[in-house]
Structure formats: C-alpha cells, structure tokens
Amino acid sequence: MTSLAKPQVPGQVKHYLQFADLTREEYDYLLKRSAWLKTKFKSYETWHPLHDRTLAMIFEKHSTRTRLSFEAGIHQLGGHAVYLNTRDTQLGRGEPVEDAAQVISRMTDIIMIRTFGQEIIERFAANSRVPVINGLTNEYHPCQVLADIFTFVEARGPIQGKTVAWVGDANNMAYTWIQAAECFDFQIRFSAPGGYQLDDSRLTAEALKHLTVCSDPKEACKGADLVTTDVWTSMGYEDENTSRMAAFKDWMVDEELMSLAKPDALFMHCLPAHRGEEVSAEVIDGPQSIVWEEAENRLHVQKALMEYLLCGRLD
C-alpha cells in the first residue's frame, strides 16, 4: 500500500504542542476519526495510511501509556517507531535542541516529545521540518485530555454544556482541561488547597468564562458530570512530596465526594494512580470509574492525530 501522507512543506507544518493548537472543527473531525479507527482496531481490519512512515519518540520523562500508545499506534497505521531517550543521545550531552530538531526531522516523518519545559518542545518544533506532538510537558498534556474527551463522548455523548470537576494540583492536566473547556464550551470547577492555585497569567479572558475556582472540593464535585484528578506530586516535583501530601490530604476523591456528583457521573484519572492518596480504591475500582477505557483511548485518538497531521482529512 502507498502511504497517504502528504509532502511536508517547511514553514507550513502543523504541530500539536498544546490543546489550543487545534480548532473545534478539527477536534470534531478527530473524535469521529478516533471512533472509526477504534472500530477498525476492534475488528482486526488493516488500515495503513502511514505505510513506511517513521515516528521518532523522544523521551526525557518516564512513560508507560505514552510510549505504548504511540509505538503501537504508528505500527497499526503501517509505520515504524524509533525510541530515543535523551540520556542515550547527544541531547543528553548538551546538543542544542535546535540542532537535534534539524537532524531528526530530516530522517523521520513525525516526532513525539515527552519532556519537561514547554519551551523545549516549542524550540524543537520551530526548527522541525515535520509535525511535532506534545507527549507531555510540565505545562500541558494535550493527548491525554483529547483521549479523556473522546472517552466521555463515547460514554455520555457531547461534553458541551457539561460540568467537569478537577480535584487536585494546578498541573499540566488542569491547564489542558481549561483549554479544552474553552474549545468545547463546557464548565471546569477547579479545587486545590492554598498555595497550589492556578496562575492567572496563564488563563485567557475566554477561558475564565468556563472556569470556577472552588476552595472546597465538595463544592467542585456537587452536580458534576465528570470528576477527575491526578497524582499530587508530578514528575519533576518529587522534592515537594512530603509537603504536598500534607497540603492535599483533604482532596482525595473518595466515595463521599463522588456521591455529590450526578448519579451517572464518571470518574477519570490519567494514571498512574496512588490509591489512598488522590483517589480511594473504592472510586477508581468502582462502577463510575472509566479509567481503563480512558487509558486505551490514548491509542485511538493519537492514531487519529498522527494520521491527520500527516495526511489531512481523509473523510
């Protein structure tokens, strides 16, 4: 089969560095495409639009779901994956990000990066001849929230007009959910203890229309359609673990908090989870939890994303 990927024109390449990089129309297409690709996957039907294309996966942070979903995804689309850990490459020895981008993008067709600062991936993309995807940075985790929205839509229908309760740290997931709320027109209720609040300078005026900050996690969860959280100590903040455990102790999503949400509310977690810390075992392993479907859907939405960035619309 011949690849359906279109030639990339330097300077006109579309990247996916944060959720706000795509429009609502593009997301509507990706959600439909994700469902179509998932059906193909479940039916064992071969679909190789990226035949002989190569994905470079660059990791500076540990990963399970990101590596597996991207590596399996590109193979299922007919392509190949090359795993690069910064510790084992010249990037780990001080090669400029700009130089690495020039070289890697001349040898591959698409690049996924999982790193620390957002400015690193932005510098890389600015010097790349092929699409760059944010597999996670300290600031944003767009692929995960795309999977979360697809999972909600799959289970409950459109997310527009719904209420999502975020209980936990003002981390990359929280900021990405806020961008998603602006794009998809739903409400976010954010709740975190003092000292771990959102940085207003990172929020647009439009985003603030979709955001309510709640000092009490019970207030955030009341009547919510979806309750979601993340670990209290993200990668790179391990030195703060003791103080964070103390600060967040009243922010665990347990059965009491979930009982305040709507009866059919869903629970999500981007994983890995620490039972007994940010979520109780009764919730994450309970009937309202949809975390395993959420994890699987990383595969399907990222396949749709890679296909779109390289091939454009195929419908």
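We now turn to the structure provided with this report. Sequence order as written defines residue numbering, which begins from 1 separately in each chain. Residue-level local features of this predicted model are given only where pLDDT is at least 70; pairs of side-chain atoms are given and counted only at 80 or more, and the full residue set underlies all totals for whole chains, interfaces and linings. Water and hydrogen atoms were dropped before computing side-chain values, which therefore reflect all heavy atoms in the structure.

**So, the packing of helix α5 (residues 142-156) against helix α12 (residues 291-311)**
- Relative orientation of the contacting elements α5 and α12 amounts to 110°, with a least axis distance of 8 Å. Classified by the interaxial angle, the pair formed by α5 and α12 is roughly perpendicular. Regarding α5 and α12, the two cross each other, and that crossing is right-handed. Where α5 approaches α12, its residues Cys143, Gln144, Leu146, Ala147, Asp148, Phe150, Thr151 and Glu154 are matched on the opposing element by Glu293, Glu294, Asn297, Arg298, Val301, Gln302 and Leu305. Between N-to-C directions, angles cover 0 to 180 degrees, with each direction set by a line fitted to C-alpha atoms, over the stretch in contact for helices. We count a stretch as a helix when DSSP gives it H or I for four or more residues in a row; a strand needs E for two or more, and each element gets its number in order from the N terminus. Any angle between 65 and 115 degrees counts as roughly perpendicular, while under 35 counts as roughly parallel, over 145 as roughly antiparallel, and the rest as oblique. When the near helix sits turned anticlockwise from the far one by under a right angle, the crossing is termed left-handed; a clockwise turn instead gives a right-handed crossing. Contact definition: two residues touch when any of their heavy atoms are within 4.5 Å.

**Examining the pairing of strand β2 (residues 80-85)**
- Strand pairing is defined by DSSP finding a minimum of two bridges between the two strands. As defined by bridge partners, strand β1 (residues 54-59) adjoins β2 across 6 bridges and the pair is classed as parallel. Counted as the bridge partner of Thr54 is His80 from β2.

**Here we look at helix α1 (residues 24-42)**
- To estimate the expected span of a helix, subtract one from its residue number and multiply by 1.5 Å. Compared with the 27 Å implied by 1.5 Å per residue over 19 residues, the 27 Å span of α1 between its first and last C-alpha is a close match.
- Within α1, the full set of buried residues consists of Glu26, Tyr27, Tyr29, Leu30, Leu31, Arg33, Ser34, Leu37, Lys38 and Lys40.
- Considering only its buried residues, α1 is in contact with α5, α6 (172-184) and α12.
- Positive phi shows up at Tyr44, right after α1, with a value of about 60°. Only protein chains enter the accessibility calculation, which uses a 1.4 Å probe; a residue whose area is less than 20% of its type maximum is buried, one above 50% is exposed, and one in between is partly exposed.

**Quick word on unusual backbone geometry**
- Following Leu271, the chain continues into Pro272 via a peptide bond in cis, with omega recorded as 0°.
- Along the chain, Pro272 turns up in the loop between β9 (266-269) and α11 (281-284).
- Unlike most non-glycine residues, Tyr44 shows phi in positive territory, near 60°.
- Considering the arrangement of structural elements, one finds Tyr44 in the loop between α1 and β1.

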